[in-house]
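Architecture at a glance
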Amino acid sequence: MRLLFDRNTWQEIFGSIGKNKVRTIITIVGVLWGIFIYIALSGAAKGMDNGFESMFESIARNSMFVWAQSTSIPHEGFKTGRQLQLKLEDAAMMENRIPELQYIAPRNVKGFFGSEPAIIGRKNKSGSYPVFGDFPVFTKIAPKKIYDGGRFINDEDIDQARKVAVIGERTQQELFEKDEDPIGGYIKIDDVYFQVIGVHKFDPSGGFGGDGDIFIPFATYKKLYNTGDNVGWFSIAAHDDVDVVKVEDNIKALLRNIHRVHPDDERAFGSFNLGEAFNRIIGFSKGITFLSLIVGIATILAGVIGIGNILLISVKERTKELGVRRALGATPREVRSQIILESVFLTMIAGIMGIILGAATLKLINSFTQDIDFPYTNPTVPIPYVLGALAIMVILGTLIGLIPAQRAVSIKPIDALREE
Amino acid sequence: MIEIKDLHKSYKMGSNSLHVLKGINFSVEEGELVAIMGSSGSGKSTLLNILGMLDEANSGEYTLDGVPIKDLNETKAAKYRNKFLGFVFQSFNLINYKNAMENVALPLYYQKMGRKERQEKALKYLGQVGLTEWATHLPNELSGGQKQRVAIARAMAAEPKVLLADEPTGALDSKTSYEVMDLIQKINDQGNTILVVTHEEDIAHMCKRIVHLKDGIIVKDEKVKQVRASEYV
Ligand SMILES: Nc1ncnc2c1ncn2[C@@H]1O[C@H](COP(=O)(O)OP(=O)(O)OP(=O)(O)O)[C@@H](O)[C@H]1O
Ligand SMILES: [Mg+2]
């Protein structure tokens, strides 16, 4: 250990490395390439990972949508092709029967799925935007950022069927003056006055929903459009760590039961499982990360073996030199340490250069992908990975250095000196 | 300084072995300058290597400066070499990527001496062999004689008890040989013990004592009147 911190040791090593430049460079290139590949690949994979993550930030990961379609199998005297309608009480049933569910948000919309968007007017301005009838619980599933001073729909809004609305940024820009505070202002939704209670922030990094969406209380929507207890679709979030695919099946089975649909009628209810999609994508980028880890480590390994190989050759070339050193009093230990330290030092230099080069490349990639619409954000390699790679290189460098080091001292000094 | 008793050495060559040293007895006092002579293959180098702990005898006793040299492992031998012995080789054996000063400083490194001290001392010994200006030159920029003088400076830098030189002039022309012998004589004048292997009569007569080796035994051991190399230079 003392040897490691002795300036003399390092001067000897620098001397030997610095004076054998070609060997040093050849040696370094292999490992440098390896670590470069490793850093660049795993950083890129991480960037994709980050990109997908931020795409899903605006919605709960274990969430899904369920909507009604029409039957495809005749059942209990009903003919096939019966149009189904989700009802508010379905939510309570689901909540009771399926304990894996965390939140259920019944939703209605005007302006999607074939219906005309509502006409929104204010003073002499007007526009058309989709209007959603929502419960407060919806924000648990798909968090909405509301600008300061505003709020989302609350329980009292529902109880009293208040005529209040949360509007989008675009709606605000189009209906209100620049310096006007929209909160408390009135807008007309299909000829009924609503008071604006909040403006939700649009998240451009992906996610769902638009900057023109208007949210009003579910109860108010029901009155305004006469929808009764009808529900357009359910937004549902399951608890963490549950099998989302199974939950989805359970929900649909329950709905078939409630609505008297044949148990095998797969087409009666439609659903989209975000959780499953998310898992698939995460699995994909995990796979890429793993692959880059394997490729990177294999390349590093090849590079380190290259170092060992070159050191072995150089030890043979330096047999006489090492013999002279031993005649002058170098102990086998000192000879061994010198060669191992040369190996580790070369590996480290190469590694650090590779890391710097890899990081620079990642930065370059990042600046190119900044403006394009590709899920790729902040491609960094976590520090522990880098440290891990360095540790691996020190260990491999030591292990691989052991072979030439042992070789260097296995021959008697007199035989080493006799070598031509 | 050196005392050896009944030293035997044989080399194994496949199934048969070659008996090279067949019972050597001799001793060297402090301050002596001894030439070891003999025909090629008589075992001169073998003897010197054993004295230098680069090789081991099969049997016999060896005492160096009162220290019995036995049961050597490589680490112990390395320490003894570093502390007690200086080597000069026929082919100089300088390290080609180190300059003259760094070469001279190398044994001091293995003595764990600090860098500055090492350089000072190396320069001092380079000065003694008259090569101060050549301190930063690489070996391939030096003549044979200069290389050998660097090698002598290197051997002396560690201040060994005994200097062992195996045909130090073997690769040099006679003029340069005398320069090197002049240097060796001066080092001996300072009280250092030196053993020189040679098969040149004139070189041997520049020593104070000649030991003749033949077929692995000492056949003659005589004190001679030293010829000063400076007379020829
Ligand atoms: N490592 C070895 N293995 C086998 N035989 C050896 C070895 N080293 C030396 N010998 C043999 O031992 C004998 C003595 O060798 P040595 O080198 O001591 O001779 P020398 O007196 O120094 O000769 P020269 O004047 O040619 O240098 C020679 O016959 C040589 O072939
Ligand atoms: Mg010889």
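Residues numbered from 1 in each chain as written. Chains lettered and ligands numbered in written order. Predicted model: local features only at pLDDT ≥ 70, side-chain atom pairs only at ≥ 80, totals over all residues. Heavy atoms only, no water.

As annotated in an unreviewed UniProt entry, chain B carries the name ABC transporter ATP-binding protein and is attributed to Ulvibacterium marinum. Entered under Sequence similarities (unreviewed entry) in the UniProt record, the comment concerning chain B runs "Belongs to the ABC transporter superfamily. Macrolide exporter (TC 3.A.1.122) family." (UniProt positions renumbered as here; feature names shortened; annotations may be inferred.)

Going by the annotation in an unreviewed UniProt entry, the name recorded for chain A is ABC transporter permease, with Ulvibacterium marinum given as the source organism. In the Sequence similarities (unreviewed entry) part of its UniProt record, chain A is described as follows: "Belongs to the ABC-4 integral membrane protein family." The UniProt entry for chain A carries this comment under Subcellular location (unreviewed entry): "Cell membrane".

Structural notes on the overall build of chain B
A count of helices and strands for chain B gives seven helices and 10 strands. Relative to its full complement of 233 residues, chain B shows a buried share of 55%. Here the analysis covers contacts within chain B between residues at least 6 apart in sequence; of these, 69% occur between residues at least 24 apart. Total accessible area computed for chain B in this model is approximately 10,200 Å², and 47% of it derives from carbon and sulfur atoms. (Helix = DSSP H or I, 4+ residues; strand = E, 2+ residues; numbered from the N terminus. Buried < 20%, exposed > 50% of the residue type's maximum accessible area, 1.4 Å probe, protein only. Contact = heavy atoms within 4.5 Å. Areas by Shrake-Rupley, 256 points an atom, 1.4 Å probe, with all protein chains shown as cover.)

Section: the interface of chain B and chain A
Counting residues at the interface gives 28 residues for chain B, matched by 29 residues for chain A. Roughly 2,500 Å² of surface becomes buried between chain B and chain A when both sides are summed, with 55% attributable to carbon and sulfur atoms. Sorting the residues of chain B by area buried against chain A places Tyr97(B), Tyr109(B) and Tyr110(B) first, and these three jointly supply 29% of that buried surface. Connecting chain B to chain A are three salt bridges. With a shortest N-O distance of 2.6 Å, Lys112(B) and Glu334(A) are connected by a salt bridge. Taken together, the links from chain B to chain A amount to eight residue pairs in polar contact (both at pLDDT 80 or more). With six residues, helix α2 (residues 74-84) of chain B is the single largest residue contributor to the side of chain B that touches chain A. Taken together, the residues that form the side of chain B that touches chain A break down as 12 nonpolar, six polar and 10 charged. (Buried area = accessible area lost by both parts, 1.4 Å probe. Salt bridge = Lys/Arg side-chain N within 4 Å of Asp/Glu carboxyl O. Polar contact = N/O pair within 3.5 Å; in protein donor to acceptor, adjacent residues only side chain to side chain. Nonpolar A, V, L, I, M, F, W, Y, C, P; charged D, E, K, R; others polar.)

Comments concerning the sheet that holds strand β4 (residues 59-64) of chain B
Residues and elements named next belong to chain B. Strand order in this open sheet of four strands is β2-β1-β4-β5, and the pairing throughout is antiparallel. Each end of this open sheet is capped by a strand with a single partner; those strands are β2 (16-28) and β5 (67-68). As paired elements, strand β1 (residues 2-13) and β2 share 10 bridges and run antiparallel to each other. Bridging from a neighbouring strand, Ser 10 pairs with His 19 of β2. Taken strand by strand, helix α1 (residues 44-51) contacts β1, β2 and β4, and its axis lies near 120° from that of β1. (Pairing = 2+ DSSP bridges. Axes fitted to C-alpha atoms, helices over the stretch in contact; angles between N-to-C directions.)

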